[in-house]
Amino acid sequence: MDLPRPEPTERGCRLISTNQTPQCLPPNASSTPRLHVVYKMLSDSEAAELLSFLTPSTRPDVKGKATEYILGMSGSRDGCRFLRSNPNLIAALFELTSDPSVAIMKDCYHILINLSADETLHQVLVSEVKVLPVLLKNLQDPEYLFSDQISTILSNLSRHEKTCRTVFKVLQDEVGLPKLVELLCNESYNKKAKLHYLGPLLSNLTQLPEARSYVMDPDRFVIQRLLPFTQYEASVMRRGGVIGTLRNCCFDHSHHEWLLSDTVDILPFLLLPLAGPEELTEEENEGLPVDLQFLPEDKKREEDPDIRKMLLETLLLLTATKAGRQALKQKNVYPIMREFHRWEKDVYVAATCEKLIQVLIGDEPELGMENLMEVEIPQDVEEKLREADTKEQEELEKEERMRREEEEEKKKCEQTD
Amino acid sequence: MASTDVQDDSDDGMDAFMDKFKSQRYKNAFSEKNWEQEFNKIPMFMKTAPEEIDPKQYPELACLQSIIHDEDRPPEEQARSLKDEGNAYFKEKNYKNAVVAYTAALKKKCGDQELNAVLLTNRAASHFHLGNMRSALNDAAAAKKIKPDHLKALIRGAQCCMELRNFSGAIQWCDEGLKPHPTDNKLRELRTTADKQKRAVERDARKGKAKEKKLHGEKEALLGAIKERGIKLFQPISSCPEGSEGEGDDESPSAGIAQLNLDSLSSLEVTGAQVFLDEQGTLHWPVLFLYPEHQQTDFISAFCENNSFGDHLSVMFGEELPPWDTERKYHPQNLQLYFEDEENETLYQVDAKMSLLKILQHKRFFVKAGTPSFMVLAKDSSFWKQFICRRKIHGL
């Protein structure tokens, strides 16, 4: 296929119009089904009564009923609001995460997951109930049964910058980021939990410059250890979290040269999940990074379109600097992207791929504009670009809708045949 | 007390000994001739220690050694002395003796685990320099077991793995080392190199596989083309019993191809020429011409299957006759071609105007050793007459 050659100004804007700040990953709600039961809001006296059941000395069956009831309540928005105005209930529930009954512990953890999925409760959980120190302490226990739930709560709490700062600070005091990375990179740290959600947690934490500067500390070996997880097959969460972390790191263009150098060699790890089994010519193969040369015919691509998009965005970020563009061009990224574009069905991902290809085959921007992240854009131009972006988005949505309809048509036809 | 008595005695003896020289001269003094040699025998002035310490020749040295290696001292002290000895050897790059010393020290089985870890690490270093990578790795692993954060052992382990080209192992050692020493330069450097090497090895494996696959595909296409034309390859009876041949072919072509392996295609000729399929799907065979009269041969490395014998013979004999043809009778128009059916001991006469393909497809033609061969004789010569009258001849 022929890809349109880009105009230099357009290329600049593309990049700037993609999200300019490091991001967090979407929240995770508990796997517990949200019950569609309308809970009658409790009066103050009823709340007080409920609280009296949530003490360690209460009979286990009564306690169990109470936590079960609150778990159901925490699944609804109104229930969350009710709990927000009763922080002493949350504190009591949090106490019960160390209850002798595993069932009660589990209920309490799931309530916390539901609560942490609601942004308005973050401050209550972090500042009033102060859940972080205990959660982080338990997380380090290699035998702890609910480390997965803790990881989920922490990743939920770290989504927004304000609470993320608090999470980061407490984490640094209690555990330290090195330990967190160690837990993330050690698949068998806890035999009773998988700890996949530490991926999104790290990704969320790296929206903070302090966390990024640790991950990219040239005197340490952190990012290098994360890189192999871009192809981690056992969990889309861990994989996505690591890739999100890498993308966040690539927002710091001052590190680009280091990231692309032999010490880190980030490029093959971003490209491998996008590379397929297509046979390239000997010449094309020789120009690629070694890990991408002569891939077997059963090579599979990343199956999650969101992750594919994140990988492409990371590559796009790397093309913001002159050194980055040169490295990508020199390492023969183009044939990989060419084959990828041929294969990609998702219109949004394909559109991102096109942007990257435009940079790869385009001319260098004029002098003084080499760093696309530092180019100043006049306000009127920016507005126009924003308009163009919205328009493009709409067009893509239309395209995607059409593609879906077509697919359904096809399915129908197949059925009637 | 007894001991003081003894001491008094010896003092007396010494005094008497000294007193003796008031009246007579000391005889065993160093002379100008031998002072250097004598000095060398005294431990303090020795320039180099002797290889073997003979108590008779170097009594003082032997004394010192027995003090150092006194069996009565606690094992820790003995081990430490042996370690010093090993370190001294190591400095001199005498790694063999260093290994001996460290081994002796370890045999003391002292309770100081820190010291044992150091001894093992040092012995690992000595083995490493001797090139005994396995022993070095074992020692490093043993040291790591005693002291998991012992940096030198961790680095040594990684280095040994590198030398043994076990790059995954090296990475594992480095990762273990980076946990307690996250900023150590050497470990980071080693890990980067190991990772790079590992990935290169993996690439080479993939490349080899791809190449093999391509070769296999070509081979299959070639054998397919041969089969499709109904050309029969002569199977050496030892490797393939005739009974199974036909059946196997029909049931699965790839099994048939595996049987018709390239052994039966590779030419015995030194030239290494082999039948090949060109891009247009035409086969080119290496072909051997035999001239029984003169016991000569000609070899054509790529005879296109669509060409006729006439085409080649006119080039080979048209312009210039071969030097061995002293009687000048091998003119293209005079030549008679035959192929041999060994099994039936029959000769088939070949029409020079026919294409190679036609002849190869003949029901009694078998390609032997990957190279079709033909006999060429000059018609009406006496040799020819003699030759054909002794054999059964068939026309085509």
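Residues numbered from 1 in each chain as written. Chains lettered and ligands numbered in written order. Predicted model: local features only at pLDDT ≥ 70, side-chain atom pairs only at ≥ 80, totals over all residues. Heavy atoms only, no water.

A. Region of the structure containing the overall build of chain B. The number of helices and strands found in chain B is 15 helices and nine strands. Nonlocal contacts in chain B, meaning residues at least 24 apart in sequence, comprise 56% of its contacts between residues at least 6 apart. By element, 51% of the accessible surface of chain B is carried by carbon and sulfur atoms, the whole surface being about 24,300 Å². (Helix = DSSP H or I, 4+ residues; strand = E, 2+ residues; numbered from the N terminus. Contact = heavy atoms within 4.5 Å. Areas by Shrake-Rupley, 256 points an atom, 1.4 Å probe, with all protein chains shown as cover.)

B. Region of the structure containing the UniProt feature "domain: Cns1/TTC4 wheel" (unreviewed entry) in chain B. The UniProt entry lists residues 278–387 of chain B under the feature "domain: Cns1/TTC4 wheel" (unreviewed entry), expressed in the numbering used here. End-to-end, the C-alpha atoms of residues 278–387 of chain B are 38 Å apart, and along that stretch the chain is 19% helix and 35% strand. (UniProt positions renumbered as here; feature names shortened; annotations may be inferred.)

C. Broad picture of the packing of helix α12 (residues 198–205) of chain A against helix α15 (residues 236–249) of chain A. Residue and element names in this part refer to chain A. It is at 7 Å that the axes of α12 and α15 come closest, and there the two elements cross at 15 degrees. When the axes of α12 and α15 are compared, the pair comes out roughly parallel. The interaxial crossing formed by α12 with α15 has left-handed handedness. Contacts from Gly199, Pro200, Leu202 and Ser203 in α12 reach Met237, Arg238, Gly241, Gly244, Thr245 and Asn248 in α15. Residue composition of the contact of α12 with α15, grouped by class: three nonpolar, six polar and one charged. (Axes fitted to C-alpha atoms, helices over the stretch in contact; angles between N-to-C directions. Parallel < 35°, antiparallel > 145°, perpendicular 65-115°, else oblique. Left-handed = near helix turned anticlockwise from the far one by under 90°. Nonpolar A, V, L, I, M, F, W, Y, C, P; charged D, E, K, R; others polar.)

D. Representation of α15 of chain A. Residue and element names in this part refer to chain A. Between its first and last C-alpha atoms α15 spans 20 Å; for 14 residues at 1.5 Å apiece the expected length is 20 Å, and the two agree. For α15, the buried fraction is high: twelve of the 14 residues fall into the buried class. If you check which residues of α15 are buried, you get Arg238, Arg239, Gly240, Gly241, Val242, Ile243, Gly244, Thr245, Leu246, Arg247, Asn248 and Cys249. In this structure, the buried residues of α15 make contact with α11 (177–185), α12, α13 (209–215), α14 (223–226), α17 (267–271) and α19 (305–318). At the N-terminal end of α15, a side-chain oxygen is found 3.1 Å from the backbone nitrogen of Met237, two or three residues along, and the residue is Ser235. (Expected span 1.5 Å × (residues − 1). Buried < 20%, exposed > 50% of the residue type's maximum accessible area, 1.4 Å probe, protein only. Polar contact = N/O pair within 3.5 Å; in protein donor to acceptor, adjacent residues only side chain to side chain.)

E. Main features of the pattern of salt bridges. Going through the model one piece at a time under the given rule, you end up with 42 salt bridges over all chains. With a closest N to O distance of 3.4 Å, Lys192 of chain A and Glu143 of chain A form a salt bridge. With Lys192 of chain A in the loop between α11 and α12 and Glu143 of chain A in the loop between α8 (132–139) and α9 (147–157), the pair connects residues that are 49 residues apart, well separated along the chain. The salt bridge partner of Glu392 of chain A is Lys355 of chain A, with a shortest N-O separation of 3.8 Å. With Glu392 of chain A in helix α23 (residues 379–416) and Lys355 of chain A in helix α22 (residues 347–361), the pair connects residues that are 37 residues apart, well separated along the chain. Of the two residues, Glu392 of chain A and Lys355 of chain A, both sit in the buried class. Three or more residues are tied together by salt bridges with common partners; here these are Asp265 and Asp291 of chain A together with Asp195 and Arg199 of chain B. (Salt bridge = Lys/Arg side-chain N within 4 Å of Asp/Glu carboxyl O.)

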